[in-house]
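In case you want the letters, here they are:
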Amino acid sequence: MGRKADTGVSRQAGNTGGASRQVGEMTAATDILSSADDAAAKLASADGVFPGSGENLPAEVSSGSGNNLPADAAEIVRAYQRASKADATVRAYRGDAVLFQSWCARYGFRSLPASPEAVAGFLVAEAEAGRSASTIGRRCAAIRYAHKLAGQPDPTDDEAVRAAMRGIRRRVGVAPNRKAAATAEILAAALMRIPDTLAGKRDRALLALGFAGAFRRSELVALDVADLSEHADGLRVIVRRSKTDQEGQGVEKAIPHGRFIRPVALLREWLDAAGISEGPLFRPVSRSGRVRKVAQVAPVSGGGVSGQVAPKPPRLTTQAVSDIIKRHLEAAGLDPTLFGAHSLRAGFITTAAERGADLARIMDVSGHRDPRTVVGYIRRANAFKDHAGGGFL
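Conventions used here
Residues numbered from 1 in each chain as written. Predicted model: local features only at pLDDT ≥ 70, side-chain atom pairs only at ≥ 80, totals over all residues. Heavy atoms only, no water. Core = buried A, V, L, I, M, F, W, Y, C linked by side-chain atoms within 4.5 Å. Buried < 20%, exposed > 50% of the residue type's maximum accessible area, 1.4 Å probe, protein only. Helix = DSSP H or I, 4+ residues; strand = E, 2+ residues; numbered from the N terminus. Contact = heavy atoms within 4.5 Å. Phe/Tyr/Trp six-rings, centres within 6.5 Å; stacked < 30°, edge-to-face > 60°. Axes fitted to C-alpha atoms, helices over the stretch in contact; angles between N-to-C directions. Parallel < 35°, antiparallel > 145°, perpendicular 65-115°, else oblique. Left-handed = near helix turned anticlockwise from the far one by under 90°. Nonpolar A, V, L, I, M, F, W, Y, C, P; charged D, E, K, R; others polar. Salt bridge = Lys/Arg side-chain N within 4 Å of Asp/Glu carboxyl O. Pairing = 2+ DSSP bridges. Expected span 1.5 Å × (residues − 1). Arc of directions from axis to C-beta. Polar contact = N/O pair within 3.5 Å; in protein donor to acceptor, adjacent residues only side chain to side chain.

1. Some words on the nonpolar core
Generally speaking, soluble globular proteins have nonpolar side chains that are buried together.
Turning to step 1, where the next piece is worked out: Formed by 54 residues in total, the largest nonpolar core has its most connected members in Leu-209, Leu-267, Trp-270, Leu-281 and Phe-282.
Turning to step 2, where the next piece is worked out: For this core, the leading source of residues is helix 10 (residues 198-212), giving 8 residues.
Turning to step 3, where the next piece is worked out: With residues near it in sequence (within four places) discarded, Leu-209 still touches Phe-215, Leu-220, Leu-223, Ile-255, Pro-263, Leu-267, Leu-281 and Phe-282.
Turning to step 4, where the next piece is worked out: One finds Phe-109, Ala-120, Ile-136 and Ala-164 within the second-largest nonpolar core, a separate group that totals 18 residues.

Next up, the structure:
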């Protein structure tokens, strides 16, 4: 079943300070992949376990050919390596890596480099614990990514791991757990019940714009005032980066004025009431009804701070978007557990499909690259329309 973790511990104990370093790495595993500047060095420094706190990192990073990069150049390289993954992906991978390291420590396996048997055993254990196939697939991807950063052979490429994943998909199933779509009718009902407070104005604008542009929540919270430009027929909104555009080519979305949801009017109402003319579009509002501001401090050499700089208004978090949607749909008499942050996006696509919108035009708004995804929404929306058995059942 592969080399045991205690073998690595015993070997290191024979070196001066080796045992203490091993313990430090084991207990600080929650720092895996957490820093853009030292992610690759942490992974490369591991010996038998996923790395931890980043202590005792070398000043220079060795390449496979034996050549060394200066520390400052290596830090820049690591930052760019880390930027190859979205922040949300890195956070998920970090959690997955911690789980794998803990499982290996419990059962006496090495987590880096890991054996295919250890990886397969971990993935099966996750399946037995009731994890979804998509979650287990992400765990596998995190292990693969960590080994690649560390320059170690990829254990997930072994047939034993592949066979385990095929079996998991068959046993667990791969059907997604879809959240309900917040269609135009549902959204209109929710908007009517939102109080006319500053936070209420923000929430109306958030829900209306999120629906009208079929935005992902990560796209919504990343919007700045500078991303908006007025047009006679509504607004043009620049999405500078998205799930399908990690390199930041950007895409423009057209938001009509509308007669029922009125996203442009509600957005203007929020911006005017909050006095926002630049910076983040959607911001936290305190209980006292004020837009929150967070003072930032600038670090200087020696670990001190240079003092206060201009306050920088924070953005809403992606979790806040989900909470806002659930809260107002519950106020409209709906079950909040059926809905999530994706419900606005799904709601626009579903409503457009029900009203007979063209596939290409729907994709223009949603930004989907694969038409099969949108076709799935259209089929569900039109499942009873012109049903094959409608005339004789």
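Next comes the rest of the write-up.
2. Some words on unusual backbone geometry
Turning to step 1, where the next piece is worked out: Note the cis peptide between Leu-112 and Pro-113, where omega equals -5°.
Turning to step 2, where the next piece is worked out: Looking at where Pro-113 falls in the secondary structure, it is placed in the loop between helix 5 (87-107) and helix 6 (116-128).
Turning to step 3, where the next piece is worked out: Notably, Ala-214 is not glycine yet its phi reads approximately 45°, a positive angle.
Turning to step 4, where the next piece is worked out: Residue placement: Ala-214 occurs in the loop between helix 10 and helix 11 (217-222).
Turning to step 5, where the next piece is worked out: Although it is not a glycine, Arg-262 adopts a positive phi angle of roughly 55°.
Turning to step 6, where the next piece is worked out: Topologically, Arg-262 is positioned in the loop between strand 5 (251-256) and helix 12 (263-274).
Turning to step 7, where the next piece is worked out: Exposure remark for Arg-262: the relative accessible area of 38% places this residue in the partly exposed category.

3. Here we look at the packing of aromatic side chains
Turning to step 1, where the next piece is worked out: In the structure shown here, the tally under the stated rule is 6 aromatic pairs.
Turning to step 2, where the next piece is worked out: Between Trp-103 and Phe-109 the ring centres are 5.6 Å apart and the planes differ by 0°, which places this aromatic pair in the stacked class.
Turning to step 3, where the next piece is worked out: Accessibility expressed as a relative area gives 8% for Phe-109, which makes it buried.
Turning to step 4, where the next piece is worked out: By the ring-pair criterion, three or more aromatic residues cluster together here, those being Phe-100, Trp-103, Tyr-107, Phe-109 and Phe-122.

4. Overview of the packing of helix 15 (residues 359-366) against helix 16 (residues 371-381)
Turning to step 1, where the next piece is worked out: With their axes 10 Å apart at the nearest point, helix 15 and helix 16 run at an angle of 110° to one another. Judged by the inter-axis angle, helix 15 sits roughly perpendicular to helix 16. Remark: the crossing between helix 15 and helix 16 carries right-handed chirality. Along its contact with helix 15, which presents Leu-359, Ile-362, Met-363 and Ser-366, the element helix 16 presents Pro-371, Val-374, Val-375 and Ile-378.
Turning to step 2, where the next piece is worked out: Looking at the contact of helix 15 with helix 16 residue by residue, the class counts come to 7 nonpolar, 1 polar and no charged.

5. A closer look at the pattern of salt bridges
Turning to step 1, where the next piece is worked out: Within the structure shown, the criterion is met by 22 salt bridges.
Turning to step 2, where the next piece is worked out: Glu-252 is the salt-bridge partner of Arg-236, the closest N and O atoms lying 2.9 Å from each other. Residue Arg-236 is found in strand 4 (residues 234-239), and its partner Glu-252 is found in strand 5; the two are separated by 16 residues along the sequence.
Turning to step 3, where the next piece is worked out: One salt-bridge network, held together by shared partners, links Asp-96, Glu-126, Arg-131, Arg-138 and Arg-139.

6. Some words on the sheet that holds strand 3 (residues 228-231)
Turning to step 1, where the next piece is worked out: What the 3 strands build is an open sheet, ordered 3-4-5; its pairing is antiparallel. Edge strands, defined here as strands with exactly one partner in the open sheet, are strand 3 and strand 5. Here the average twist between neighbouring strands, direction ignored, is 25°.
Turning to step 2, where the next piece is worked out: As judged from the 4 bridges shared by strand 3 and strand 4, these two strands associate in the antiparallel manner. Opposite Glu-230, over in strand 4, you have Leu-235 as the bridge partner.
Turning to step 3, where the next piece is worked out: Against the sheet, helix 12 contacts strand 3, strand 4 and strand 5, and its axis sits at roughly 100° relative to strand 5.

7. Considering helix 8 (residues 159-172)
Turning to step 1, where the next piece is worked out: Here helix 8 is 14 residues long and its end C-alpha atoms lie 19 Å apart, about the 20 Å a rise of 1.5 Å per residue gives.
Turning to step 2, where the next piece is worked out: Listed in full, the buried residues belonging to helix 8 are Val-161, Ala-164, Met-165 and Ile-168. For helix 8, the angular spread of the buried residues around the axis is 100°, confining them to a single face.
Turning to step 3, where the next piece is worked out: In the core, the buried residues of helix 8 are packed alongside helix 6 and helix 7 (133-149).
Turning to step 4, where the next piece is worked out: If you check the start of helix 8, you find a side-chain oxygen 2.8 Å away from the backbone N of Ala-160, and it comes from Asp-158.

8. A few points about the packing of helix 14 (residues 343-354) against helix 15
Turning to step 1, where the next piece is worked out: Packing of helix 14 against helix 15 leaves a shortest axis separation of 10 Å and a crossing angle of 160°. Between helix 14 and helix 15, the crossing angle belongs to the class labelled roughly antiparallel. As helix 14 packs across helix 15, the resulting crossing turns out to be right-handed. Here Arg-345, Phe-348, Ile-349, Ala-352 and Ala-353 of helix 14 lie close against helix 15, whose contacting residues are Ile-362, Val-365 and Ser-366.
Turning to step 2, where the next piece is worked out: Among the residues forming the contact of helix 14 with helix 15, the class breakdown is 6 nonpolar, 1 polar and 1 charged.

9. Regarding helix 12
Turning to step 1, where the next piece is worked out: The end-to-end C-alpha distance of helix 12, which contains 12 residues, comes to 17 Å, matching closely the 16 Å that a straight helix rising 1.5 Å per residue would cover.
Turning to step 2, where the next piece is worked out: Along helix 12, the residues that are buried comprise Pro-263, Val-264, Leu-266, Leu-267, Trp-270, Leu-271 and Ala-274. One side of helix 12 carries all its buried residues, which in axial view fall inside an arc of 165°.
Turning to step 3, where the next piece is worked out: Packing partners of the buried residues in helix 12 comprise helix 9 (184-192), helix 10, strand 3, strand 4 and strand 5.

10. Observations regarding the environment of Gly-275
Turning to step 1, where the next piece is worked out: The topology assignment puts Gly-275 in the loop between helix 12 and strand 6 (297-299).
Turning to step 2, where the next piece is worked out: With 16 residues separating them in the primary sequence, Gly-275 and Val-291 have C-alpha atoms 9.1 Å apart.

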